[in-house]
There are 2 protein chains.
Amino acid sequence: MKKVLAFDIGGTKIAYATIDEKGDFVSEVIKVTTPKTAQGIYDLLKTVIKGLEDEIDGVAIATAGAINNENNKIISRVGNLPEGYNETDFLSLTDKPILLENDANSAGWAEFKLGAAKGSENAVVLTLGTGVGSGIIVNGKLLKGKSGSAGEMHVRMGFARERKCTCGLWDCLETYVSGNALTTDAKIYMSPDATSYDVIRGLKENNQKAKAAFEHWQGCLENALVMVANLFDPEVIVLSGSMAQFVEYDKLNKQANDDILTQPFVLKQAKFENNAGMLGAALLLLERL
Amino acid sequence: MKKVLAFDIGGTKIAYATIDEKGDFVSEVIKVTTPKTAQGIYDLLKTVIKGLEDEIDGVAIATAGAINNENNKIISRVGNLPEGYNETDFLSLTDKPILLENDANSAGWAEFKLGAAKGSENAVVLTLGTGVGSGIIVNGKLLKGKSGSAGEMHVRMGFARERKCTCGLWDCLETYVSGNALTTDAKIYMSPDATSYDVIRGLKENNQKAKAAFEHWQGCLENALVMVANLFDPEVIVLSGSMAQFVEYDKLNKQANDDILTQPFVLKQAKFENNAGMLGAALLLLERL
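One numbering rule holds for all chains: residues counted from 1, following each sequence as written. Chains carry letters from A onward and ligands carry numbers from 1 onward, assigned in written order. Per-residue local features are limited, in this predicted model, to residues with pLDDT of at least 70; the limit for side-chain atom pairs, both in listing and counting, is 80 or more; totals at the level of whole chains, interfaces and linings are taken over all residues. Think of the side-chain values as coming from all heavy atoms in the structure, minus any hydrogens and water.

### Some thoughts on the overall build of chain A
Every helix listed is a DSSP run of H or I at least four residues long, and every strand listed is a run of E at least two residues long, numbered separately from the N terminus. Looking only at helices and strands, chain A features eight helices and ten strands. In terms of overall dimensions, chain A is globule-like: its C-alpha atoms have a radius of gyration of 19 Å, near the 19 Å expected for 289 residues. Residues counted as buried form 58% of the 289 residues belonging to chain A. Partitioning the contacts of chain A with sequence separation of at least 6, the portion at a separation of at least 24 is 62%. Surface accessibility follows the Shrake-Rupley procedure with a 1.4 Å probe radius. Residue values consider only the protein chains on display as shielding. In the structure as shown, chain A presents an accessible area of about 12000 Å², 47% of it carried by carbon and sulfur atoms. In this treatment the radius of gyration is a C-alpha quantity, and the globule benchmark scales as 2.2 Å times the residue count to the 0.38 power. Remark: exposure states derive from per-residue accessible area (1.4 Å probe, protein chains only) relative to the maximum for the residue type, with buried under 20%, exposed over 50%, and partly exposed in between. Residue contacts are counted whenever heavy atoms from the two residues lie within 4.5 Å of one another.

As structure tokens, this is what we get:
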């Protein structure tokens, strides 16, 4: 059975594992602190690939950043990775087949092929972590756009210029429904020092201010669900990332379906969580081998 | 050469014409006031089809409402058409091939095949009329979603509950960038009796209040462009509908491209305007004959 070495390259950690055609992890997932330079990242990848090259049929890489439609180059700025990382020559890492894909697209593909969106043809997978990413499936294919960077959830949710976004604009979706957004709500509804952790702890203790913060955050998420359901008319919307575990699925599913003009969708929690990026990139490569 | 009878069914007027395979109108475009009942509309269509049936190879209908492509049925509420219209049995109108498509999708297809978006593979056509519609092209195909109702631009642009939308929600895109939205801005920036017409007249007279109203409206449109460019990464965004003629294209093109995270797009004015719906539906049917 064919198998590939899959990486997930993030600003904090790089994870890797070997994955087979069935989507099974045939090795343990190893996590390494992300090196501080682009060269350091390149050298780490090179070392791991060389060490495993005899056992694998290719290398799949899920990474932050927009990836061109040929799946071998980063074509956008990549905020939380070292300078120069976006110019990495990934193809030179190995003579074996290699595939790059955006991490949110990869996670979306894993959920679509084997996870919470399996069986659908049109699905949206929203990754609610520090920021917000998306993997969007249209007619059984990843939505990539003309250059590979479709699915950027930088949609302005208001005109008030209340919340500055990492992209340089104001009031993007990300500033209302990410983990950082819940910290913003914590400061507004609880106290200037509060964070998202205080909100989550407060919910368990039935703290009214924590509840208000969470309800504002979840109300914004409902807006986001209505938006993607009205635009894409998907069978299923999947929530992934560190914030997905806190969402009240039944309540939000009902509310958002009441508000849309399109046909009903189903809201689900992601199946694969942290390993979805590696798995999705691996599946995309294995389909081509 | 094959030719089809094409209708565009709107709340105010029904237009029809005969269109050939090259996309040429081989008859004059006839406009009729929309009958007040669903039965009246059905009877009108039936009469016209019967009168022309010997000369045509099929019937193409662009209409308000979301369309299911498997059975040519309307699957949504259709706000500004008579009660019962959405249950019309279009298939019983003729024994010839018949095709129904949403009017904004049809207009989008016309611009994509023969108009301002020709040559692209990914395009968004925004129709800025009384309301706002969209026809979205992904990889050379209309974005339809699971049930045919994708592309509903009912995206909430704010949390202030300032502007009630026809869809029942608050602060949808439509309430900020449609013709009605410009009337709202006229009332805010000019006077309680002012309408969009006063804004347009005021611009010509260099009226500062009219300018402020228009700039607010156009700023909201810039938000909408950034949204669709970030989500769909299209080669081109086309503006259609009655409001499209007033937009400052060069200025807006530059502003929006400065603000997106995806690769540059080109902003264009639609080529076909009022006849785009008929033409697009006709082309969709002619491709199948």
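### What about the sheet that holds strand β10 (residues 266–269) of chain A?
Residues and elements named next belong to chain A. By the convention used here, strands pair only if DSSP detects at least 2 bridges between them. Strands sit in the order β8-β7-β6-β9-β10 across an open sheet of five strands; the sheet is mixed. Among the strands making up the open sheet, the edge pair consists of β8 (141–142) and β10. By the bridge criterion, two bridges tie strand β7 (residues 132–138) to β8 in an arrangement that is antiparallel. Across the sheet, Ile137 pairs through a bridge with Leu142, a residue of β8. The axes used here are C-alpha line fits, helices contributing only the stretch in contact, and every angle between their N-to-C directions lies in the interval 0 to 180 degrees. Across the face of the sheet, helix α2 (residues 103–114) comes into contact with β6 (123–128), β7, β8 and β9 (236–240) while running at roughly 50 degrees to β7.

### Considerations on the side chain of Ser120(B)
All names here are of chain B. Relative to the elements of secondary structure, Ser120 occurs in the loop between α2 (103–114) and β8 (123–128). Looking at Ser120, the relative accessible area reads 7%, which means it is buried. Under this definition, polar contacts are N or O atom pairs within 3.5 Å; protein pairs additionally need one hydrogen-donor-capable and one acceptor-capable atom, and for neighbouring residues in sequence, both atoms have to be side-chain atoms. Among the polar contacts listed, one links the side chain of Ser120 to the backbone oxygen of Ala117, at a separation of 2.7 Å. For Ser120, the residues in contact, after removing those within four places along its chain, are Phe112, Glu235 and Val236.

### Quick look at unusual backbone geometry
Residues and elements named next belong to chain A. Positive phi values are uncommon outside glycine, yet Asn71 reaches one of about 65 degrees. With respect to the helices and strands, the residue Asn71 is situated in the loop between β4 (59–63) and β5 (98–102). Note on Asn71: relative accessible area 5%, which makes it buried.

### Details of the relation of the copies chain B and chain A
We superpose the copies by least squares over the C-alpha atoms of residues that have a pLDDT of at least 70 in both of them. Structural alignment of chain B on chain A gives an RMSD of 0.4 Å, achieved by rotating through 180 degrees and translating 0.0 Å along the axis. These values place the two chain copies in the arrangement generated by a two-fold rotation axis. Residue Gly158(B), judged by its C-alpha, is the member of chain B lying nearest the rotation axis, at 2.0 Å. When the interface residues of chain B are mapped onto chain A, 100% of them again fall at the interface, so both copies present the same face.

### Comments concerning the interface of chain B and chain A
At the interface, 41 residues of chain B touch 41 residues of chain A. Taking both sides of the interface into account, the surface hidden between chain B and chain A amounts to around 3800 Å²; carbon and sulfur atoms contribute 59%. If you sort the residues of chain B by the area they bury against chain A, Lys146(B), Phe159(B) and Leu231(B) come out on top, with a joint share of 21%. Any Lys or Arg side-chain nitrogen found within 4 Å of a carboxyl oxygen on Asp or Glu counts as a salt bridge. On inspection of chain B and its partner chain A, the count reaches six salt bridges. Close ionic contact of Arg156(A) with Glu222(B) constitutes a salt bridge, the shortest N to O distance being 3.3 Å. Here chain B and chain A share 30 residue pairs in polar contact (both at pLDDT 80 or more) between them. Looking at the side of chain B that touches chain A element by element, the count peaks at eight residues for helix α6 (residues 208–232) of chain B. The residue classification treats Ala, Val, Leu, Ile, Met, Phe, Trp, Tyr, Cys and Pro as nonpolar and Asp, Glu, Lys and Arg as charged. All others, Gly included, are polar. A class-by-class count of the residues in the side of chain B that touches chain A yields 20 nonpolar, twelve polar and nine charged. Buried area counts how much accessible surface, traced with a 1.4 Å probe, disappears from two parts once they are put together, with both parts' losses summed.

### Structural notes on the sheet that holds strand β12 (residues 266–269) of chain B
Spatially, the five strands line up as an open sheet ordered β10-β9-β8-β11-β12 (chain B), and their pairing is mixed. Both outer strands of the open sheet, β10 (141–142) and β12 of chain B, are each paired with one neighbouring strand and no more.

### Quick notes on the pattern of salt bridges
Pairing between side chains becomes possible if they bear opposite charge and their charged atoms approach one another. Enumeration according to the criterion identifies 17 salt bridges over all chains in this entry. For Arg201(B), the salt bridge is made with Asp198(B), and the minimal N-O distance between the two is 2.5 Å. On the criterion of helical spacing, the pair formed by Arg201(B) and Asp198(B) is a turn pair, its members being three residues apart in helix α5 (residues 196–204). A residue is classified by how much of its surface remains accessible, and Arg201(B), at 46% relative accessible area, is partly exposed. Among the residues examined, Asp198(B) registers a relative accessible area of 24% and is labelled partly exposed. Look at the salt bridges and you will find they share partners, linking Arg156(A), Glu222(B) and Asp259(B) into a network.

### So, the environment of Phe265(A)
Mapped onto the secondary structure, Phe265(A) falls in the loop between α7 (249–259) and β10. Filtering out sequence-adjacent residues up to four positions away, Phe265(A) remains in contact with Leu225(A), Ala229(A), Pro234(A), Glu235(A), Ile237(A), Asn253(A), Ala256(A), Asn257(A), Ile260(A) and Lys146(B).

### Side note on the environment of Leu267(B)
Residue and element names in this part refer to chain B. The residue Leu267 is located in strand β12 in this model. Separated by 17 residues in the primary sequence, Leu267 and Asp250 have C-alpha atoms spaced 8.1 Å apart. If we ignore the near neighbours within four places in the chain, the residues touching Leu267 are Leu225, Ile237, Leu239, Tyr249, Leu252 and Asn253.

### Examining the packing of helix α4 (residues 179–189) of chain A against helix α6 (residues 208–232) of chain A
When two helices pack together, you describe them by how their axes are tilted relative to each other and by the distance separating the axes. Residue and element names in this part refer to chain A. The N-to-C vectors of α4 and α6 enclose an angle of 140 degrees; their axes lie 9 Å apart at closest approach. Taken as axis vectors, α4 and α6 run oblique relative to one another. Like other packed secondary-structure pairs, α4 and α6 cross with a definite hand, here right-handed. Residues Ala181, Leu182, Asp185, Ala186 and Tyr189 of α4 lie in contact with α6, whose contacting residues are Lys209, Ala212, Ala213, Phe214, His216 and Trp217. Residue composition of the contact of α4 with α6, grouped by class: eight nonpolar, one polar and two charged. An angle below 35 degrees is read as roughly parallel, one above 145 as roughly antiparallel, one from 65 to 115 as roughly perpendicular, and any other as oblique. In a left-handed crossing the near helix is turned counterclockwise from the far helix by less than a right angle, and in a right-handed crossing that turn is clockwise.

### Quick look at α6(B)
Residue and element names in this part refer to chain B. Multiplying 1.5 Å by the residue count of a helix minus one yields the expected span of that helix. Between its first and last C-alpha, α6 extends 36 Å over 25 residues, near the 36 Å set by a 1.5 Å rise per residue. In terms of burial, α6 is largely enclosed, as 18 of its 25 residues are buried. Immediately downstream of α6, the backbone of Asp233 shows phi near 45 degrees, a positive value.

### Examining the packing of aromatic side chains
All names here are of chain B. Each Phe, Tyr or Trp ring, with Trp reduced to its six-membered ring, pairs with another whose centre is within 6.5 Å; inter-plane angles below 30 degrees give stacked pairs, above 60 give edge-to-face pairs, and intermediate values give tilted ones. Taken as a whole and judged by the stated rule, the model has nine aromatic pairs over all chains. Centroid distance Tyr85 to Phe90: 5.9 Å. Interplanar angle 85 degrees. Geometry classified as edge-to-face. Accessibility classification places Tyr85 together with Phe90 in one group, the buried group.

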